[in-house]
Amino acid sequence: MTFLCIRNVGKRYGAVSALDGIDLDVTAGTRTAVVGPSGSGKSTLLRLIAGFDFPDTGSIAIDGETVADESAGVPVHRRAVGVVTQDGALFPHLSIRDNIGFGLDRRAPDREQVIRGLMDMVDLQAGMLDRRPHELSGGQQQRVALARALARRPRVMLLDEPFSALDPGLREAMRKATAEVLRATGITSILVTHDQAEALSFAEQIAVLRDGRLAEAGSPADLYWRPRRRDTALFLGDAILLPATLQDGLAHCVLGRLSIDARLPGIEATIMLRPEQISLTQVPSHEAAEGPGGYGQVAQVEFGGAACLVTLSLVESVRGTVRSERAITVRSAGIGLPPVGSYVRITVSGPVHVLK
Amino acid sequence: MNKVSPDPAGKLIIRPDEADPVSTPRSGRTEPTFPTVLGLAAFVVALALLPLAFVGWIAVQTGWETSAALIFRPRVGELLVNTVSLILCTIPASIVLAVALAWLTERCVLPGARLFAWLAVAPLAIPAFVQSYAWISVVPGLHGLSGGVFVSVLAYTPFMYLPVAAQLRRLDPAIEDAAAALGDHPWKVFVRAVLPQLRLSICGGSLLIGLHLLAEYGLFAMIRFDTFTTAIVDQFQSSYNGPAANMLAGVLVLACLVLLALEAALRGRERYARVGSGAAMVPVRHRLGRLTVPSLLFCTLLACLALGVPLLTLARWILAGGERIWRWDGIGFALSETVLFALAGALCTTLAAMPMAWLSVRATSRLQRILEACHYYVGALPGVVVALALVTVTVRVALPLYQTLATLFLAYALMFLPRALVGLRASIAQAPVELEQAAMALGRTPFQAVWQVTMRLAAPGFAASMALSAMGIANELTATLMLAPNGTRTLATEFWSLSSEIDYAAAAPYALAMVLLSLPLTLFLHTRSKQVAGR
C-alpha cells in the first residue's frame, strides 16, 4: 500500500532547478534511501517532504492526505513527521529528558514513562536523562535525536544523513540500531545519504537522484546487480564495464563467454559485472597463451589488508599470440596474491548484466 | 562582528561590516513565520520614519514662503557657520590626536602602554556635558568656538581612538615590512602604507564625532556656544512647538544626511582585508629611542586633560560642598528613577529590535536590507529631532500621549535601536536554524519555535543589548528634558537643573553617579575591541 506518494515534484531556487519531475512511491512501514552525489537535490526532496519548504510543481501526499501541491501546503508542525539531521540538532539549553519530551504534552501523566521507554528503545541509560547534550558523545546525541523524533509517533521519519558525522565503526552500529528501531515501530522512513553502502544496507527501496531528477528506483539488490543506467551502476559500487556481443543467451567478450541475466537480441552491448564476481587463479604463461579467453597478466598489486586491489592487463586470446589491450581492477583476498608479471585465469561467477 | 562605536551620553552608530559572518539562508518561497515578523519589523520602521516624515510634513505645512523666511535668515546662517566650523576644527584635531595615541599605545615600545590604552578610552565614562561642566568651573571664561572645540576634542577623541587602535592591532605588519624593504624611510612607510589602511576607521570615527557634535546639547549650552541643537532646545523652551524650531530641525536632519553621505563617499570601495593566505604575524612594536620621554609626556598630558581635570573638579566640588550636597532623598530618587527609566526603556528598545534582528539573520533579502537601514538611520538622528517629532505628533494627533512615559520610552527606543540590534543579531546568528526546524518538526508553530528555541538561546545577546541601551538611556539629557512628564527627575536632568543654577557643588554627586553608571559600558567596549582583534 502506497503510504507516501510524490508526484511530478519540482522545485526551483531562482534560476537554478533543484528538483524536476520527481515521482516516488513509498510503501507503508518500509525504509527508503534517497542517494545521489552532492547537489543532486536529495536534501531538497527531504525538506519538501518534511514541509520546511514547498514544491513549485507537483504534489506530495502522506497516507492519502495531500500535504503539498502547487497552491497550498501544510506547514511542518502540522504534518506529523519526524526529522533527524546530521548533527542531531539537540536543544543545547535543555536536558536530555526535556529534549526527548519536547514534542510531548507537558501535562501528560505518563510523560516520564514514555521518555524512559524511548530511552530504552534507542538503547540509552536512564541515568543520562539529566545530562545536557554537550555531555554526550556524537553517537549518543544521534540516539537522543532519534528518540525525540519517535516520541510524537510520526507518520513518516525523515533521516538527513544522520550517520555521516560519526566515525566509521559507530556509523555502522548506529545504522543497524536505527533500522532495527524503525522496523520494530513500523514507521515509514526515508534516509537521505551520499554513502551508497549505507543506502544498500539500510533500505528496502533505493531512489537514485541525479541532477534533480530521479535516475532510478528499486530494491537494493535490483539496482546493484541490474541497474538500467551506467551512472547508477558506477554510483552504487565498483563496476567493470566491457563491450560484448550477445549471442545465444551468452555475452562474448574479452573475458570469454559469460552467461547473461536477460535474453536479448544478438547485438553489440555493454556488459557490467561487479569485481566480487571475479576470482583469480594463477596459471603458467603458456596456458594463458593458448586458453580460450578469460586470462590476464598481473600489472600491479595494491596491498590493502583484507581486500587487495589487483590490476590486470587482459589477454585477448588469439591462439599463439598474447596481446594486452585492456586493464581491469579486481578485488582479491589478501592471501595468496599472484605476483606482479604472473598470469592468472579469470573466473566469473553468476550472470553478468547487460546495460542497454 | 559589527563595528560598534560608543558613547555613554548620546548615541551610537553601528554599521554591519561588509563581511559579516551571518549565515545566509536560501531564497525561494519562505516559511510562514516571515509575514508576521516582517509586519512587526515594518511597524518599527514606520515609527522610525516618523521623525523624517515629521520634517517633510512640517516643510509642506509651513509652505515655501514661510519656510524660506525661517531658513534664510542671518540667525540660521550664524548657526550654520558655528556648527560647520565646530565640525571642521574638531574632527581633524581628533584624528591627529587619536592616530598618534593609538600608534604609540599599540605599535611602539612605550612604558605603560596598556595603562595608556585604558586612559585613552576612559573619558567615555564621562558624559560630554559633565566634561564641559568640569572645564567651565576650572576656566570660567571658556566660551565660543575655541572653547567648544577644546572640550569636544577631549570628550570625543575616544570615539576615534577605539576604531583606529583596533585597526592598528589587526594590521598585517608584512605590509609595513614590504614598504620598508622597498626602501622607504620609516616616516614615509607610515604615510604610504599604514595611514591608507586606517581610512575606514578614521571615516567611521569622524562620522561618529560629527553626528555627536550635531546632536549634543548640554556640552555647548554649558559654555554658551550656539549650535543648531542648542538653538532648537532654546526655541522649544521659549515657544514650545513653533515653526522656527521645526525648521531648524529640518536643517539639522539635512546636515546629518549630508554627513552620512559624505562618509559613505569617502569610505570608498577598496579592499582592506588581507590578500593571501596564512595567519597574519603579530605586529612588531617600534622602538621610540629619544622620543620615549616626549611620547610619555604627550600621553600623560592628554590623560590629564580629558580625565584628570574632570575627576579632580568633581572631587573638588564634592569636598567644597561638604555634607550639604548629599541630600540623599533627592539623589536616591533621581538614581532610582534613572535606573527604572533605563531598564524600562532598554526593554522597549530591545523588544523593538527583535523582529528585525531575527529577519536579518534568517531571511536576507533586498527588502530586509532596506528595513534594516531604516533601523540604523534613526540612531543617527539627534535626540532633539526625535523628541520634537514626537512632541508634534502627540500634540496634534494623540494628545493624551503628550508628556507621558510611553512617548519618552518610544523616543529612547528609536534613539538606541541600533545598539540593541547589533547584540541581538550576533547572538541570533549563533542559534542554528536547524534547531528552529527541529522544534517545528516536533509540533511547535513557527512562532513558538522562534520564541522557545532561538530567543531562548539568544538570551545572552538580549541581556547585552539591554545593558548597552540602558547605559545610553541613563545619561540621556535632551530628549528627557523635552519629553518627560512634569516632575521627572533623572540624574541627568537634576544635574542639569542644578548646574544651570550655577550650584556646581550640589550637581557634583549627580555627575559622580553618572560616571559610575557609565564605567561598565566603557569597560565592555574596551574589552570588546580587544576581543575583535583576537587578543
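## Here's the deal with the overall build of chain B
Step number 1: Looking only at helices and strands, chain B has 25 helices and two strands in total.
Step number 2: Every one of the 535 residues in chain B was classed for burial, and the buried ones make up 57%.
Step number 3: Nonlocal contacts in chain B, meaning residues at least 24 apart in sequence, comprise 84% of its contacts between residues at least 6 apart.
Step number 4: Accessible area for chain B stands at about 22200 Å²; split by element, carbon and sulfur atoms hold 69% of it.

## Focus on the overall build of chain A
Step number 1: The helix and strand tally for chain A stands at nine helices and 20 strands.
Step number 2: A principal-axis box enclosing the C-alpha atoms of chain A has dimensions of 85 × 45 × 35 Å.
Step number 3: By the burial criterion, 51% of the 356 residues in chain A qualify as buried.
Step number 4: Long-range pairs, those at least 24 residues apart, make up 65% of the contacts in chain A with a sequence separation of at least 6.
Step number 5: Averaged over its 39 positive side-chain charges, chain A has a centre that lies 2 Å from the centre of its 40 negative ones.

## Points about the environment of Asp123 of chain A
Step number 1: Looking at the secondary structure, you find Asp123 of chain A in the loop between helix H3 (111-121) and helix H4 (138-150).
Step number 2: Sequence separation of Asp123 of chain A and Leu246 of chain A is 123 residues, and the distance between their C-alpha atoms is 53 Å.

## Some words on the interface of chain A and chain B
Step number 1: The interface is formed by 24 residues belonging to chain A together with 22 residues belonging to chain B.
Step number 2: A buried area of about 2100 Å², summed over both sides, lies between chain A and chain B, and 63% of it is on carbon and sulfur atoms.
Step number 3: For chain A, the biggest contributors to the area lost against chain B are His77, His93 and Phe102 of chain A; these three give 28% of the whole.
Step number 4: At the boundary of chain A and chain B, one finds two residue pairs in polar contact (both at pLDDT 80 or more).
Step number 5: Among the elements of the structure, strand E1 (2-13), strand E6 (81-84) and H4 of chain A are those that each provide at least two residues to the side of chain A that touches chain B.
Step number 6: Tallied by class, the residues present in the side of chain A that touches chain B amount to 14 nonpolar, three polar and seven charged.

## Re the packing of helix H15 (residues 328-362) of chain B against helix H22 (residues 459-474) of chain B
Axes are the key here: two packed helices are described by the angle between their axes and the distance separating the axes.
Residue and element names in this part refer to chain B.
Step number 1: Between H15 and H22, the least distance of the axes is 8 Å, while the angle of their chain directions is 130°. On the basis of the axis angle, H15 is oblique to H22. Helix-helix and strand crossings are classified by hand; for H15 and H22 the assignment is right-handed. Judged by residue contacts, Thr338, Phe341, Ala342, Leu343, Gly345, Ala346, Leu347, Thr349, Thr350, Leu351 and Met354 of H15 engage Phe462, Ser465, Met466, Ser469, Ala470, Ile473 and Ala474 from H22.
Step number 2: A class-by-class count of the residues in the contact of H15 with H22 yields 12 nonpolar, six polar and no charged.

## A word on the environment of His375 of chain B
Residue and element names in this part refer to chain B.
Step number 1: Tracing the sequence through the fold places His375 in helix H16 (residues 366-380).
Step number 2: Residue classification places His375 among the buried residues on the basis of a relative accessible area of 0%.
Step number 3: Residues contacting His375, with those up to four places away along its chain left out, are Ala41, Val44, Val45, Ala352, Met356, Leu417, Pro418 and Leu421.
Step number 4: One polar contact links the side chain of His375 to the main-chain carbonyl oxygen of Leu371, over a distance of 3.0 Å.

## A short note on the pattern of salt bridges
Step number 1: Applying the stated rule across the entire model yields 23 salt bridges over all chains.
Step number 2: The residue Arg362 of chain B makes a salt bridge to Glu436 of chain B at a minimum N-O spacing of 3.1 Å. Residue Arg362 of chain B is found in helix H15, and its partner Glu436 of chain B is found in helix H20 (residues 433-441); the two are separated by 74 residues along the sequence.
Step number 3: Here the salt bridges share partners, and the residues they tie into one network are Arg97, Glu112, Arg116 and Asp130 of chain A.

## Observations regarding helix H24 (residues 491-500) of chain B
All names here are of chain B.
Step number 1: Most of H24 is tucked away, with eight of its 10 residues classed as buried.
Step number 2: By the burial criterion, the buried members of H24 are Leu491, Ala492, Thr493, Glu494, Phe495, Trp496, Leu498 and Ser499.
Step number 3: Of the residues one or two after H24, Ile502 is the one with positive phi, at around 60°.

## Some details on helix H2 (residues 50-62) of chain B
Residue and element names in this part refer to chain B.
Step number 1: Compared with the 18 Å implied by 1.5 Å per residue over 13 residues, the 18 Å span of H2 between its first and last C-alpha is a close match.
Step number 2: Taken together, the buried positions of H2 are occupied by Pro51, Phe54, Val55, Ile58 and Thr62. Taken around the axis of H2, the buried residues stretch over an arc of 100°, which confines them to a single face.
Step number 3: Positive backbone phi, approximately 85°, marks Gly63, located one or two places after H2.

## Considerations on the sheet that holds strand E14 (residues 268-273) of chain A
Residue and element names in this part refer to chain A.
Step number 1: If you walk across this open sheet you meet the five strands as E13-E12-E11-E14-E20, and the pairing is antiparallel. Single-partner strands in this sheet number two, and they are strand E13 (256-259) and strand E20 (353-355). For this sheet the average axis-to-axis angle between neighbouring strands, irrespective of direction, equals 45°.
Step number 2: As judged from the three bridges shared by strand E11 (residues 240-247) and strand E12 (residues 250-253), these two strands associate in the antiparallel manner. The residue of E12 that forms the bridge with Gln247 is Leu250.

## Some details on the packing of aromatic side chains
Step number 1: For the structure shown, the criterion picks out 13 aromatic pairs over all chains.
Step number 2: Plain terms: the ring middles of Phe91 of chain A and Phe102 of chain A are 4.4 Å apart, the flat faces sit at 35° to each other, and that makes the pair tilted. Placement of Phe91 of chain A in the loop between E6 and helix H2 (96-100) and of Phe102 of chain A in the loop between H2 and H3 is noted, with a sequence separation of 11 residues between them. Phe102 of chain A shares its class with Phe91 of chain A; the two are buried.
Step number 3: Their ring planes at 85° and their centres at 5.4 Å tell us that Tyr133 of chain B and Tyr504 of chain B sit as a pair that is edge-to-face. Of the two residues, Tyr133 of chain B sits in helix H6 (residues 128-138) while Tyr504 of chain B sits in helix H25 (residues 504-532), which places them 371 residues apart along the sequence.

## What about the pairing of E11 of chain A?
Step number 1: Here E11 of chain A pairs with E14 of chain A via six bridges, running antiparallel. Bridged to Leu242 of chain A within E14 of chain A is Ile271 of chain A.

## With respect to the sheet that holds strand E3 (residues 31-35) of chain A
Residue and element names in this part refer to chain A.
Step number 1: Across the sheet, six strands lie side by side as E6-E7-E8-E3-E9-E10; this open sheet has mixed pairing. Both edges of this open sheet fall to E6 and strand E10 (213-218), since each of them pairs with a single strand only. Here the strands of the sheet are splayed against their neighbours by 20° on average, with no regard to which way each runs.
Step number 2: Across the sheet, H4 is in contact with E6 and strand E7 (156-160); its angle to E6 comes to roughly 170°.

## Examining the nonpolar core
One broad trend across soluble globular proteins is that nonpolar side chains are buried collectively.
Step number 1: Tyr133, Tyr161 and Phe495 of chain B are the most contacted members of the largest nonpolar core, which totals 167 residues.
Step number 2: Formed by 42 residues, the second largest nonpolar core is a distinct cluster that contains Val122, Val144, Val181 and Phe235 of chain A.

## Points about the pairing of E1 of chain A
Residue and element names in this part refer to chain A.
Step number 1: Taken together, the eight bridges between E1 and strand E2 (residues 16-27) define a ladder with antiparallel strand orientation. Paired with Lys11 across the two strands is Leu19, which belongs to E2.
Step number 2: What sits between E1 and E2 in their antiparallel hairpin is a turn of two residues, with Gly14 showing a positive phi close to 65°.
Step number 3: Where E1 lies against strand E4 (residues 57-62), five bridges are found, and the strand directions are antiparallel. Bridging from a neighbouring strand, Leu4 pairs with Ile62 of E4.

## Some details on a nonpolar patch on the surface
Step number 1: A cluster of nonpolar side chains, Leu49, Leu52, Leu254 and Leu257 of chain B, forms an exposed patch at the surface whose accessible area comes to about 310 Å².
Step number 2: As for its position among the elements, Leu254 of chain B is in helix H13 (residues 243-267).

## Quick word on the packing of H6 of chain B against helix H14 (residues 292-321) of chain B
All names here are of chain B.
Step number 1: Their axes nearest at 9 Å, the elements H6 and H14 cross at an angle of 70°. Taken together, the axes of H6 and H14 are roughly perpendicular relative to one another. Between H6 and H14, the contacting residues are Gln131, Tyr133, Ala134, Trp135, Ser137 and Val138 on the first element and Leu305, Ala306, Val309, Pro310, Thr313, Leu314, Arg316 and Trp317 on the second.
Step number 2: Residue composition of the contact of H6 with H14, grouped by class: 10 nonpolar, three polar and one charged.

How each quantity is defined
- Residues numbered from 1 in each chain as written.
- Chains lettered and ligands numbered in written order.
- Predicted model: local features only at pLDDT ≥ 70, side-chain atom pairs only at ≥ 80, totals over all residues.
- Heavy atoms only, no water.
- Helix = DSSP H or I, 4+ residues; strand = E, 2+ residues; numbered from the N terminus.
- Buried < 20%, exposed > 50% of the residue type's maximum accessible area, 1.4 Å probe, protein only.
- Contact = heavy atoms within 4.5 Å.
- Areas by Shrake-Rupley, 256 points an atom, 1.4 Å probe, with all protein chains shown as cover.
- Lys, Arg positive; Asp, Glu negative; His and termini not counted.
- Charge placed at Lys NZ, Arg CZ, Asp CG, Glu CD.
- Buried area = accessible area lost by both parts, 1.4 Å probe.
- Polar contact = N/O pair within 3.5 Å; in protein donor to acceptor, adjacent residues only side chain to side chain.
- Nonpolar A, V, L, I, M, F, W, Y, C, P; charged D, E, K, R; others polar.
- Axes fitted to C-alpha atoms, helices over the stretch in contact; angles between N-to-C directions.
- Parallel < 35°, antiparallel > 145°, perpendicular 65-115°, else oblique.
- Left-handed = near helix turned anticlockwise from the far one by under 90°.
- Salt bridge = Lys/Arg side-chain N within 4 Å of Asp/Glu carboxyl O.
- Expected span 1.5 Å × (residues − 1).
- Arc of directions from axis to C-beta.
- Pairing = 2+ DSSP bridges.
- Phe/Tyr/Trp six-rings, centres within 6.5 Å; stacked < 30°, edge-to-face > 60°.
- Core = buried A, V, L, I, M, F, W, Y, C linked by side-chain atoms within 4.5 Å.
- Patch = residues over 30% accessible without salt bridge, like charges linked within 9 Å, V, L, I, M, F, W, Y side chains within 5 Å.

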